[in-house]
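For reference, the chains in residue letters:
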Amino acid sequence: MSDEAVLSAKGITRRYGERVAVREVSFEVRPGELVALIGPNGAGKTTLLSVLAGVQSADEGSVGGSAQGVGWVPQQPAIYTKLTVAENLALWARLERVADPRETVRRMLEQTDLADRADEQVGRLSGGNRQRVNIAVGLLSEPAALLLDEPSASLDPIQRGRLWQFIADLAAQGTSVVFSTHNVAEAERCARRVLVLHEGRLLFDDSPQALMQAAGGGAAGDKVDFEEGFVAFLQRAAGSERSAA
Amino acid sequence: MRWLLGKDLLILRRSRVLVAVLVVYPIAIALLIGLALSRSPGKPKVAIANLAAPGAAVELGGSKIEVGRYYSQLFSEVQPIKVKTREEAVQKVHSGEALAAVVIPANIAAKLSSVLSQGQLEVIYNGDALQQSVVQSKIQAAVAQANLALSVQIRKLAAQGINLLLQGGDLSRLGIAQSHLLGLEQAPSVLREAIAHQPPGHVRQELLRVQELADFAARNLNISKDVLATVGQPVQVHSTLVHGRRTPLDTFAVVVAVSISLMFVCVLLAAGGIALEREDNTLARLTRGLVSREGLVVEKLLLAGGCSLVLAFAMLAGIGAFVTLDWSRIGLWLAALVAGALAFGALGVAIGALTREVRAASLLAFLLSLPLAFLALVPAGAVAPALYNVIRAISAVFPFKAALQALDAAVNGAEPAIGGSLVHLLALTLLFSVLARIGLRRA
């Protein structure tokens, strides 16, 4: 497996009028990496993922990797509720211009464990199954990198467990996955790399363990909760910004 | 694009209520318009109490006009319920059996015969204001017609009298027992002969004055017949159409019905179609390189335009069963319908692009379309000139009026000519497509 970056952000800035949602963010994602994007509400996580996915354009900076090479799974399922699971997959496969839509649909149904629900209208599925279809659509073109915006937000614990197992399998097969989440414990558990975004700035880019050390825990050996460590890190970062100002 | 079109048609097929509404709506409108145009309005039930003696007649100049014949004119405009007394007539109105009652008094024939006083009818109304208004106008129109017929009769009798006076003749027709009356036209020659045998003097001078009077009277009485005709019917209506071609009311109603249906189906479908992409959150996914925003506008325009075109044409053909339409103009019908569908489709897509969900898009489409249709139907002169100019300006920037004019020109050959309206519609299609494209920038 090549170690060349499949997705890169170089100095991305995105503004909404006067407000700067994302400020000079740069990072790279390598094949098979599982990256969590965490940060408080309004930190710019969804905006950054939208820019990486090509849904929005950056005001400054650039994104490496083509839109076709990047799969995108928005927070709200972006699928047709009046179509069946198979019809949705077939339609999106054709729009993505995949070589063999029928075979791709069959493979995705198997991969997402939705074969027995193939003929059900999406509008009648549970939230968890809808999210699986949503992810399946993002994977139709076999992208090198998959971007997931809050993928577990509307799922129950069992569905969440299945989802993270599915994502881990994807990463194991070489697909790079970048996901945003509010649930920092999930990030610690599932990701091997954490990006901390605060007020549009990228404050941290390393492993969950490194984040704990940066927050003042872990290294001394005392048991600090990851969420507490994350909050402490943000407070320290905010304090430094205030004193710098 | 074809995959998206196929997807939308599949979704449409699965939205059974929506399809039912889209199919039933134009059929219902077509049937209603057709039935309304092919069946005359019902005659109101009116109780008639004719208190005049049977066979009572108005006597004018020795001629008789039967009261019964005179009022048959009234009965032809209503559904008469004959009663014998005024009380019975009032009771019929009170009970709701009749919307009104007309009481013809016993002395009507004597009053009309006297020529010195008017005959009077009593009309008793009931029902709501609208029904009263309908019955009242029907009875008034019928009385006006009957009065006109009577005045013509009186004029004829008066003309006969004047002719007798001018030309002379048998007076027994007027019930006067005299063999022959000398006419005014013969009087001057008789007088001239008498004057020729008269010696100069006072009597001759007086006879010459009488001859002058006879000459004058004969000349002026001759024109009095025309004067009587003018007094009997002072104003006659002569219609001249200065501009354009007269469109029969029934075929214009067809054009209005089809235009309104085309507008509602097309605008609602286009607005709902694009709003559904937002509601299902698919717009952002589509526009990240899979479909261009321009392509999406065109796809929704084709979907809404195509469906509404089929329905509007079916509706036009359906109404054709009730109203005679010129099928040789079918090419023009289609041109007008296609141009109208494109403009309405573009308006619908623009509405849909501005809203985030189907319900909001449908509501906005209704709220915008209904007043536009109403405004486009306001005729010149019905409102103040300044207000009419504002209405014209508003109607010009929305497709309904142009579509109505194009279809009226196509179906009825009405003015303005179809070419201008088609260009207008295509310009509006472009304008609203651009607005829709701008609205779609917000994914």
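Please refer to the structure placed before this passage.
The following refers to the structure shown.

Criteria and cut-off values
- Residues numbered from 1 in each chain as written.
- Chains lettered and ligands numbered in written order.
- Predicted model: local features only at pLDDT ≥ 70, side-chain atom pairs only at ≥ 80, totals over all residues.
- Heavy atoms only, no water.
- Helix = DSSP H or I, 4+ residues; strand = E, 2+ residues; numbered from the N terminus.
- Buried < 20%, exposed > 50% of the residue type's maximum accessible area, 1.4 Å probe, protein only.
- Contact = heavy atoms within 4.5 Å.
- Areas by Shrake-Rupley, 256 points an atom, 1.4 Å probe, with all protein chains shown as cover.
- Phe/Tyr/Trp six-rings, centres within 6.5 Å; stacked < 30°, edge-to-face > 60°.
- Lys NZ or Arg CZ within 6 Å of the ring centre and 35° of its normal.
- Buried area = accessible area lost by both parts, 1.4 Å probe.
- Salt bridge = Lys/Arg side-chain N within 4 Å of Asp/Glu carboxyl O.
- Polar contact = N/O pair within 3.5 Å; in protein donor to acceptor, adjacent residues only side chain to side chain.
- Axes fitted to C-alpha atoms, helices over the stretch in contact; angles between N-to-C directions.
- Parallel < 35°, antiparallel > 145°, perpendicular 65-115°, else oblique.
- Left-handed = near helix turned anticlockwise from the far one by under 90°.
- Nonpolar A, V, L, I, M, F, W, Y, C, P; charged D, E, K, R; others polar.
- Core = buried A, V, L, I, M, F, W, Y, C linked by side-chain atoms within 4.5 Å.
- Pairing = 2+ DSSP bridges.

**Some remarks on the overall build of chain A**
Line of reasoning, step 1. Check the secondary structure of chain A and you find 8 helices and 9 strands.
Line of reasoning, step 2. Here chain A holds 245 residues, and the buried ones make up 51% of them.
Line of reasoning, step 3. Partitioning the intrachain contacts of chain A with sequence separation of at least 6 by distance along the chain shows that 67% fall at a separation of at least 24.
Line of reasoning, step 4. Here chain A displays about 11,100 Å² of accessible surface, and carbon together with sulfur accounts for 45% of that area.

**Some points on the packing of aromatic side chains**
Line of reasoning, step 1. Counted by the stated rule, this structure contains 8 aromatic pairs over all chains.
Line of reasoning, step 2. For the pair Tyr80(A) and Trp92(A), a centre-to-centre distance of 5.8 Å together with 10 degrees between the ring planes defines the contact as stacked. Of the two residues, Tyr80(A) is situated in the loop between strand E5 (70-73) and helix H2 (85-95) and Trp92(A) in helix H2; the sequence distance between them amounts to 12 residues. Here Tyr80(A) matches Trp92(A) in class, with each residue buried.
Line of reasoning, step 3. Ring centres of Phe313(B) and Trp327(B) lie 6.5 Å apart, and the angle between their planes is 90 degrees; this geometry places the pair in the edge-to-face category. Here Phe313(B), found in helix H11 (residues 293-319), pairs with Trp327(B), found in the loop between H11 and helix H12 (330-354); they are 14 residues apart in sequence, far enough to count as distant.
Line of reasoning, step 4. For Trp327(B), a relative accessible area of 41% translates into the label partly exposed.
Line of reasoning, step 5. Grouping aromatic residues by their ring pairs yields a cluster made of Phe313(B), Trp327(B) and Trp333(B).
Line of reasoning, step 6. In this arrangement the basic side chain of Arg94(A) is found over the ring face of Trp3(B), its NZ or CZ atom lying 4.4 Å from the centre.
Line of reasoning, step 7. Its guanidinium or amino end placed over the ring of Trp92(A), Arg285(B) lies 5.8 Å from that ring's centre, counting from NZ or CZ.

**Details of the interface of chain B and chain A**
Line of reasoning, step 1. Between chain B and chain A, the contact holds 18 residues from the first and 29 residues from the second.
Line of reasoning, step 2. Roughly 2,100 Å² of surface becomes buried between chain B and chain A when both sides are summed, with 59% attributable to carbon and sulfur atoms.
Line of reasoning, step 3. Ionic pairing is found between Glu87(A) and Arg14(B), a salt bridge with its closest N-O pair at 2.6 Å.
Line of reasoning, step 4. Scanning the region where chain B abuts chain A turns up 12 residue pairs in polar contact (both at pLDDT 80 or more).
Line of reasoning, step 5. Secondary-structure elements contributing two or more residues to the side of chain B that touches chain A are helix H1 (2-14) and helix H10 (282-286) of chain B.

**Things to note about the packing of H11(B) against H12(B)**
Residues and elements named next belong to chain B.
Line of reasoning, step 1. Orientation of H11 relative to H12, taken along the N-to-C sense of each, is 135 degrees, at an axis distance of 8 Å. When the interaxial angle is binned, H11 and H12 end up oblique. Along this stretch, H11 crosses H12, giving a crossing that reads as right-handed. Here Val297, Lys300, Leu301, Gly305, Ser308, Leu309, Ala312, Phe313 and Leu316 of H11 come into contact with H12, specifically with Ile330, Trp333, Leu334, Leu337, Val338, Ala341, Leu342, Gly345, Ala346 and Val349.
Line of reasoning, step 2. The residue inventory of the contact of H11 with H12, partitioned by class, reads 15 nonpolar, 3 polar and 1 charged.

**Describing the packing of H11(B) against helix H16 (residues 418-439) of chain B**
All names here are of chain B.
Line of reasoning, step 1. Following both chains from N to C, one finds H11 and H16 inclined at 130 degrees, their axes separated by 10 Å at the closest point. The orientation of H11 with respect to H16, classified from their angle, is oblique. Crossing angle aside, the handedness with which H11 passes H16 is right-handed. From H11, Arg293, Glu294, Val297 and Leu301 reach across to H16, where they touch Thr429, Ser433, Ala436 and Arg437.
Line of reasoning, step 2. For the contact of H11 with H16, the per-class residue count stands at 3 nonpolar, 2 polar and 3 charged.

**Some details on the pattern of salt bridges**
Residue and element names in this part refer to chain B.
Line of reasoning, step 1. Per the stated rule, a full pass over the model turns up 21 salt bridges over all chains.
Line of reasoning, step 2. For arginine 209, the salt bridge is made with glutamate 206, and the minimal N-O distance between the two is 3.7 Å. Taken as a pair, arginine 209 and glutamate 206 lie in helix H8 (residues 202-232) at a separation of 3 residues, close to a single helical turn.
Line of reasoning, step 3. For glutamate 206, a relative accessible area of 33% corresponds to the partly exposed category.
Line of reasoning, step 4. Salt bridges sharing partners connect three or more residues here, namely Lys7, Asp8, Glu277, Glu299 and Lys300.

**Structural notes on the nonpolar core**
Across soluble globular proteins, nonpolar side chains have a tendency to be buried as a group.
Line of reasoning, step 1. Ranked by size, the top nonpolar core spans 128 residues in total, and within it Leu89(A), Trp92(A), Phe179(A), Val196(A), Leu211(A) and Val258(B) carry the most contacts.
Line of reasoning, step 2. In terms of residue count, helix H9 (residues 249-279) of chain B provides more of this core than any other element does, 17 residues in total.
Line of reasoning, step 3. Discounting residues that sit within four places of it in the chain, Val258(B) has contacts with Ala312(B), Met315(B), Leu316(B), Ile319(B), Leu337(B) and Leu407(B).
Line of reasoning, step 4. Grouped together as the second largest cluster of nonpolar side chains are 25 residues, Leu7(A), Val25(A), Val29(A) and Leu195(A) included.

**Some points on the sheet that holds strand E4 (residues 79-83) of chain B**
Residue and element names in this part refer to chain B.
Line of reasoning, step 1. Taken in spatial order, the 4 strands line up as E4-E1-E5-E6 in an open sheet, and their pairing is mixed. For this open sheet the edge positions go to E4 and strand E6 (122-125), each flanked by a neighbour on one side alone. Recorded for the sheet is a direction-independent mean angle of 25 degrees between the axes of neighbouring strands.
Line of reasoning, step 2. Summarising the sheet, strand E5 (residues 100-104) and E6 pair through 4 bridges and their orientation is antiparallel. Within E6, the residue paired with valine 103 across the bridge is glutamate 122.
Line of reasoning, step 3. In the packing of helix H4 (residues 86-95) onto the sheet, contacts are made with strand E1 (45-50), E4, E5 and E6, and the angle to E6 comes to roughly 25 degrees.

**Details of the environment of Asp8(B)**
Line of reasoning, step 1. By the secondary structure assignment, Asp8(B) is in helix H1.
Line of reasoning, step 2. Setting aside residues no more than four positions away along its own chain, Asp8(B) makes contact with Glu277(B), Glu299(B), Lys300(B) and Leu303(B).

**Quick notes on the pairing of E1(B)**
All names here are of chain B.
Line of reasoning, step 1. Summarising the sheet, E1 and E4 pair through 5 bridges and their orientation is parallel. Each bridged residue has a counterpart across the sheet, and for lysine 45 the counterpart in E4 is glutamine 79.
Line of reasoning, step 2. Here E1 runs beside E5; their pairing, made up of 5 bridges, is parallel. Counted as the bridge partner of alanine 47 is alanine 101 from E5.

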